[in-house]
Amino acid sequence: MASLSEEVLLVVKKVRQRKQDGTLYLMAERIAWGPEGKDRFTVSHLYSDIRCQKISPDGKAKIQLQLVLHTGESTTFHFANESTALKDRDAAKELLQQLLPKFKKKANKELEEKNRMLQEDPVLFQLYKDLVVSQVISAEEFWANRLGGVNNAEPAPYNNKQEVGISGAFLADIRPQTDGCNGLRYNLTADIIESIFRTYPAVKQKYSENVPHNLTEKEFWTRFFQSHYFHRDRINTGSQDIFSECAKQDEKGLKSLVTQGVKNPLVDLLSLEDKTLDEGYGISKTLPSTSNAIKSVKESSNSAIIKRFNHHSAMVLAAGSRKGDVPNDQASETSSTDGNSRDSDLFQPPLKKVKLQEAIEYEDLQRENAPKTVALNLKKSDRYAHGPIPLQSQQYTTSQDIINSVNCIRQEMANYKPSLTRVLSSTTATSAVAALSPGGVLMQPVGQQSINQMVPTDIQGELKHLYIAAGELLRHFWSCFPVNTPFLEEKVTKMKTNLERFQMTKLRPFQEKIQRQYLSTNLTGHLEDMFQTAYGKFHIWQTRRMMRKT
Amino acid sequence: DLKNTKLIFDLVLALSEAVPGSIRTAEHFVGFLRRFLEYLKARLRVQHVVQESAPQFLKDIFDKVCIDRKPLRFCAERLQSLLRTLEIADIADFSAVTLISNFATLVSTYSQGFTIIIEPFEDRTPTIANPVLHFSCMDPSIAIKPVFQRFQSVVITSGTLSPLDIYPRILDFRPVTMASFTMTLARTCLCPLIVGRGNDQVALSSKFETREDFAVIRNYGNLLLEMSAIVPDGIVAFFTSYIYMENIVASWYEQGILENIQRNKLIFIETQDAAETSMALEKYQEACENGRGAILLSVARGKVSEGIDFVHHFGRAVIMFGVPYVYTQSRILKARLDYLRDQFQIRENDFLTFDAMRHAAQCVGRAIRGKTDYGLMIFADKRYARADKRGKLPRWIQEHINDGSLNLTVDEAVQLSKHFLRQMAQPFRQEDQLGLSLLTLEQLESEEMLQKISQMAHQT
């Protein structure tokens with residue numbers, strides 16, 4: 001029964017479980033049900049064991065609540081109180097909804113991970129079934145080597161999903177709409193917000209700094225749209241604008257992008273410009289439109305727009321090729337937040353060479369590099385199965401002889417006159433031909449008929465599973481050698497017992513089964529051999545150990 | 001570049017005269033230079049534009065400060081020897097003086113082919129005094145003469161040398177042979193289309209009168225937008241001038257066209273800063289490589305149009321917005337046109353058209369750099385359809401313009417482009433090219449191939 005110290009949060013009477021009337025108790029740490037009149041709880045589950053709860057749909061006559069545990073088992077409660085069943089069930093559901101999240105331990109994550117792995121990989125699932133469910137090895141041993149990934153910071157091999165790229169025009173989707181009374185409505189979706197953060201890390205930083213301490217999210221975005229930062233032709237950025245820093249950072253980013261120069265020498269305009277002899281005295285090389293004094297406001301806003309487009313496109317490009325949002329990757333060489341997504345400078349000289357090489361060479365004019373290979377065409381592969389035949393004295397015919405004999409035969413064939421009196425009757429001939437075709441009476445199987453035609457597919461499947469499972473166990477076994485720690489000693493002994501158990505529980509029944517089906521071929525010989533080798537190795541190791549000890 | 005200077009001075013030394021006494025000593029020479037410099041400063045203090053020829057200039061010098069032509073001719077050489085004597089390590093410090101002395105030598109050596117224009121202020125800012133003296137060469141034959149004199153055989157070759165006959169006249173040489181080759185193509189890999197109208201039948205042109213026309217700008221934008229949706233990888237678009245491009249980009253931005261284009265491809269824009277443009281170029285290539293696709297907006301006669309190749313997927317379509325006429329209000333250009341008319345009887349209009357079409361051809365030619373390369377060439381101006389312009393395009397482009405694609409609307413151009421791109425996307429193996437655009441050694445040496453080549457060479 002419940003211990004007295006447990007706090008009971010909710011009691012629901014007239015709840016049936018497995019067709020038995022009873023009462024449902026929701027305690028601080030567990031949920032329990034006891035049958036009517038009895039003192040004990042027959043069903044009790046800790047909240048931490050419950051994975052989720054389900055309720056029956058509203059239209060159904062039976063009002064039920066189902067608890068699904070992490071282990072996959074489920075328990076169903078039927079609320080049978082005519083008048084208050086729905087209310088009871090909903091009350092229970094609400095309470096569970098509040099309680100369950102509190103008890104989600106980190107261990108659940110592991111279970112979920114295991115579950116997911118088993119679901120995604122059918123081979124693994126089969127292996128699990130063969131080894132763990134049939135008790136050959138324990139679950140911990142099975143998961144020992146596989147769950148390493150969950151605890152590492154490396155999500156990459158388990159992250160099978162591709163990241164969604166950023167559309168180049170994500171800011172376009174926020175085109176403002178007038179909402180009728182002199183205001184503008186901007187539609188922001190979570191996707192657009194994510195795009196903005198990924199492309200402009202400066203904005204993300206501002207967001208994390210200011211929300212929720214200084215500004216609410218709504219205020220942040222309102223300010224964002226109002227700021228000149230958002231509008232491409234930003235020339236006047238007021239200093240009270242929190243985004244003026246973003247603008248400055250963008251400027252800096254663009255400058256650094258430009259000064260870093262380009263890797264590809266064929267695109268480097270600075271080296272392609274004409275070197276003039278004398279440009280002129282007193283004439284600045286850059287055209288006067290770069291001096292801001294003379295430029296009109298419109299012109300400078302135009303060039304600001306253009307600059308921003310280049311910068312925006314560069315940022316989108318960089319954000320797309322950045323590998324996920326890893327926060328401690330600031331110093332990484334392969335990604336940087338100023339828009340460069342290139343490899344480190346170590347690779348500079350070879351790239352230049354490669355580009356120049358590409359530009360000079362024509363594929364078509366290269367010599368044929370590889371000599372034309374002749375495909376290997378084996379006609380009689382049996383001959384390769386035997387060793388070399390000892391050289392016997394043979395009669396060698398010269399090629400002239402061969403030519404002569406061929407000519408002779410040709411002549412004879414040309415002069416052949418059928419003597420129809422000495423010909424077999426047609427019936428005899430056809431029966432002789434039939435007997436001599438494949439499958440006929442006279443045709444014994446000369447070569448081996450391939451095994452996979454003789455063995456039914458389900459046996460093949462089973463054999464495959466056996467091999468995979470045996471392989472797994474043998475891998476564990478063999479990886480213990482050389483045995484130099486006590487842990488490995490234990491493991492190797494355990495593995496040997498596991499192997500024996502496997503042989504007993506899986507291999508023998510399989511062998512009996514195929515024997516019963518009169519399959520004469522020896523399908524499990526190789527497996528047996530592998531096991532015997534393992535046992536032999538173990539035996540040797542054991543004797544050596546005994547000798548060392550004595 | 002010292003080699004260039006040497007070529008010019010070879011001319012001077014060919015006169016085999018000694019340096020005149022008035023500038024032989026160093027002090028005299030320096031004093032001479034000072035006088036010349038003061039004269040130049042005085043000339044720059046003008047209130048209105050002055051244009052004169054070299055002989056007029058020399059006469060004025062003689063009248064004002066008694067500087068004779070002969071010592072002026074030896075200025076550059078004298079300065080070089082002075083600098084050598086003084087063992088000056090860093091010649092760059094003396095670049096200004098070198099400039100003056102080179103100017104002196106040039107103005108006194110050539111009586112024809114140069115013009116001097118003094119402008120007291122920039123046209124755009126008439127109130128700010130900013131006098132500039134331009135000494136420009138109007139005769140290209142002077143520049144290329146040293147090459148012809150020094151080398152026995154000179155081969156001039158280019159993909160955009162049309163019309164061919166204008167070159168011997170301008171460069172003043174008699175060609176031993178002139179030949180024009182077309183491309184031997186195993187498949188038609190270029191698709192020139194002349195888009196003269198928008199979908200609303202408004203005529204498209206970069207003519208000065210219609211430049212600010214809202215409908216024209218919108219139609220141009222629509223053309224680019226439609227192209228960005230159907231052309232894979234990279235598109236390059238050329239405008240006739242930087243200011244024109246800026247204005248159009250601003251209009252497109254306001255009309256929301258740029259944003260719609262961005263949905264399809266990223267946009268990169270050439271700026272007047274070479275480093276920034278290089279960065280944009282590299283990013284453009286990166287975007288073309290990784291599948292996003294990109295559009296590069298740049299300017300005819302700019303750094304990109306003259307130096308950068310857009311091979312294969314870097315340039316699957318080139319759009320020429322308008323006809324790239326050079327800025328015709330420039331005084332230097334006017335002087336040159338006058339000179340060409342007077343000396344070579346080349347009509348002003350002909351020359352301007354020739355120059356514009358040459359640049360247009362150069363721009364669209366950026367896209368095709370190899371025999372397996374392919375690309376669309378869109379000429380977006382109704383004036384391209386006229387025979388006098390179309391006829392000035394290189395033959396290898398003209399061949400593929402059929403009469404049905406002379407005045408297309410945007411939609412029609414899009415249809416043709418789609419068809420062309422799908423054709424080009426079919427596999428094109430080496431076997432398809434053998435015998436046509438790719439020859440084995442045996443084929444090259446065969447009789448009929450040699451005959452074919454000599455035949456083609458004689459079709460000018």
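Coordinates for the structure precede this section.
This text gives an overview of the structure that appears in the document. (Residues numbered from 1 in each chain as written. Chains lettered and ligands numbered in written order. Predicted model: local features only at pLDDT ≥ 70, side-chain atom pairs only at ≥ 80, totals over all residues. Heavy atoms only, no water.)

### Describing the overall build of chain A
So, step 1. Looking only at helices and strands, chain A has 18 helices and nine strands in total.
So, step 2. For chain A, restricting intrachain contacts to residue pairs at least 6 apart in sequence, the fraction spanning at least 24 positions comes to 53%.
So, step 3. If you sum the accessible surface of chain A, you get close to 37,800 Å²; carbon and sulfur atoms cover 54% of it. (Helix = DSSP H or I, 4+ residues; strand = E, 2+ residues; numbered from the N terminus. Contact = heavy atoms within 4.5 Å. Areas by Shrake-Rupley, 256 points an atom, 1.4 Å probe, with all protein chains shown as cover.)

### Focus on the sheet that holds strand β7 (residues 74-79) of chain A
Across a sheet, paired strands are connected by hydrogen bonds in the backbone, their directions being either parallel or antiparallel.
Residue and element names in this part refer to chain A.
So, step 1. Read from one edge to the other, the open sheet built from seven strands follows the order β4-β3-β2-β1-β7-β6-β5, with strand pairing classed as antiparallel. Both outer strands of the open sheet, β4 (43-46) and β5 (50-55), are each paired with one neighbouring strand and no more. Taking the axes of each pair of neighbouring strands and ignoring which way they run, one obtains an average angle of 25 degrees across the sheet.
So, step 2. Alignment of strand β1 (residues 8-17) against β7, held across two bridges, turns out to be antiparallel. Its bridge partner lying in β7, Arg16 is registered against His78. (Pairing = 2+ DSSP bridges. Axes fitted to C-alpha atoms, helices over the stretch in contact; angles between N-to-C directions.)

### Digging into the environment of A:Asp90
All names here are of chain A.
So, step 1. Relative to the helices and strands, Asp90 resides in helix α1 (residues 85-102).
So, step 2. Residue classification places Asp90 among the partly exposed residues on the basis of a relative accessible area of 28%.
So, step 3. Sequence separation of Asp90 and Gln64 is 26 residues, and the distance between their C-alpha atoms is 9.9 Å.
So, step 4. Among the polar contacts made by the side chain of Asp90, one reaches the side chain of Arg89 at a distance of 3.4 Å. (Buried < 20%, exposed > 50% of the residue type's maximum accessible area, 1.4 Å probe, protein only. Polar contact = N/O pair within 3.5 Å; in protein donor to acceptor, adjacent residues only side chain to side chain.)

### Re the nonpolar core
So, step 1. Counting residues in hydrophobic clusters, the biggest one holds 110 residues, and the most contacted among them are B:Trp252, B:Leu297, B:Ile319 and B:Phe321.
So, step 2. Setting aside its immediate chain neighbours within four residues, B:Ile319 contacts B:Leu223, B:Leu224, B:Met227, B:Ile235, B:Val236, B:Ala237, B:Phe238, B:Ile378 and B:Ala380.
So, step 3. Counting residues in hydrophobic clusters, the runner-up holds 36 residues, among them A:Leu118, A:Val455, A:Leu463 and A:Leu466. (Core = buried A, V, L, I, M, F, W, Y, C linked by side-chain atoms within 4.5 Å.)

### Focus: the pairing of strand β6 (residues 64-69) of chain A
Residues and elements named next belong to chain A.
So, step 1. As judged from the five bridges shared by β5 and β6, these two strands associate in the antiparallel manner. The partner of Cys52 across the bridge, within β6, is Val68.
So, step 2. Of the strand pairs in this sheet, β6 and β7 are connected by five bridges, and their pairing is antiparallel. Residue pairing across strands places Leu67 opposite Thr75, the latter belonging to β7.
So, step 3. Linking two consecutive strands that pair antiparallel, namely β6 and β7, is a turn of four residues; a positive phi of about 105 degrees is found at Gly72 within it.

### A few points about the pattern of salt bridges
So, step 1. A complete count under the given rule lists 31 salt bridges over all chains for this structure.
So, step 2. Linking A:Glu462 and A:Lys513 is a salt bridge whose minimum nitrogen-to-oxygen distance equals 2.3 Å. In this pair, A:Glu462 sits in helix α16 (residues 457-479) while A:Lys513 sits in helix α17 (residues 486-516), placing the two residues 51 residues apart along the sequence.
So, step 3. On the basis of relative accessible area, A:Glu462 is assigned to the partly exposed category, the value being 31%.
So, step 4. What makes A:Lys513 partly exposed here is its relative accessible area of 24%.
So, step 5. When the shortest N-O distance is used, the salt bridge between B:Lys64 and B:Asp60 registers 3.2 Å. Pair noted here: B:Lys64 and B:Asp60 are both in helix α3 (residues 54-65), with a separation of four residues, about one helical turn. (Salt bridge = Lys/Arg side-chain N within 4 Å of Asp/Glu carboxyl O.)

### Section: the packing of helix α7 (residues 201-210) of chain A against helix α8 (residues 217-226) of chain A
Residue and element names in this part refer to chain A.
So, step 1. Where α7 contacts α8, the two axes come as close as 11 Å, and the packing angle between them is 145 degrees. α8 is crossed by α7, and the crossing has right-handed handedness. Only Glu217, Phe220, Trp221 and Phe224 of α8 make contact with α7, whose side of the interface consists of Val203, Lys206 and Tyr207.
So, step 2. Tallied by class, residues from the contact of α7 with α8 come to five nonpolar, no polar and two charged. (Left-handed = near helix turned anticlockwise from the far one by under 90°. Nonpolar A, V, L, I, M, F, W, Y, C, P; charged D, E, K, R; others polar.)

### What about the packing of helix α5 (residues 75-85) of chain B against helix α6 (residues 95-109) of chain B?
Residue and element names in this part refer to chain B.
So, step 1. As a packed pair, α5 and α6 sit with axes 7 Å apart at the nearest point and diverge in direction by 150 degrees. Contacts between α5 and α6 pair Cys75, Ala76, Leu79 and Gln80 from the former with Val97, Thr98, Ser101, Asn102, Ala104 and Thr105 from the latter.
So, step 2. Grouping the amino acids of the contact of α5 with α6 by side-chain chemistry returns five nonpolar, five polar and no charged.

### Thoughts on the side chain of B:Arg383
So, step 1. Position of B:Arg383 relative to the elements: it lies in the loop between β9 (375-380) and α16 (387-390).
So, step 2. Aside from chain neighbours lying at most four places away, what touches B:Arg383 is B:Ser205, B:Ser206, B:Lys207, B:Val323, B:Tyr325 and B:Lys389.

### Remarks on a positive patch on the surface
So, step 1. On the surface, A:Lys537, A:Arg544, A:Arg548 and A:Lys549 cluster together to form a positively charged patch.
So, step 2. With respect to the helices, strands and loops of the structure, A:Arg544 is situated in helix α18 (residues 525-549). (Patch = residues over 30% accessible without salt bridge, like charges linked within 9 Å, V, L, I, M, F, W, Y side chains within 5 Å. Lys, Arg positive; Asp, Glu negative; His and termini not counted. Charge placed at Lys NZ, Arg CZ, Asp CG, Glu CD.)

### Focus on unusual backbone geometry
So, step 1. Cis geometry marks the peptide bond from A:Phe481 to A:Pro482; its omega dihedral reads -10 degrees.
So, step 2. Relative to the helices and strands, A:Pro482 is located in the loop between α16 and α17.
So, step 3. A positive phi angle, close to 55 degrees, is found at B:Asp172, a residue other than glycine.
So, step 4. Since its relative accessible area comes to 55%, B:Asp172 is described here as exposed.

### Some points on the sheet that holds strand β8 (residues 317-321) of chain B
Residues and elements named next belong to chain B.
So, step 1. Pairing is parallel in the open sheet, where seven strands are placed in the order β6-β7-β5-β8-β9-β4-β10. Looking along the sheet, the strands with just one partner apiece sit at the ends: β6 (266-269) and β10 (408-409).
So, step 2. The pairing of β6 with strand β7 (residues 294-299) spans four bridges and is parallel. If you follow Phe268 over to β7, its bridge partner there is Leu296.
So, step 3. Together, β5 (234-239), β7, β8 and β9 form the strand contacts of helix α9 (residues 214-230), whose direction differs from that of β8 by roughly 180 degrees.

### Remarks on a nonpolar patch on the surface
Residues and elements named next belong to chain B.
So, step 1. Taken together, the side chains of Val147, Phe151, Val154 and Ile156 define a hydrophobic patch exposed on the protein surface, amounting to about 300 Å² of accessible area.
So, step 2. Inspection of the secondary structure assignment puts Val147 in helix α7 (residues 140-150).
So, step 3. Accessibility expressed as a relative area gives 31% for Val147, which makes it partly exposed.

### Let's talk about the environment of B:Gly302
So, step 1. Along the chain, B:Gly302 falls in the loop between β7 and α13 (303-307).
So, step 2. Residues B:Gly302 and B:Cys363, spaced 61 residues apart in sequence, show a C-alpha to C-alpha distance of 9.8 Å.

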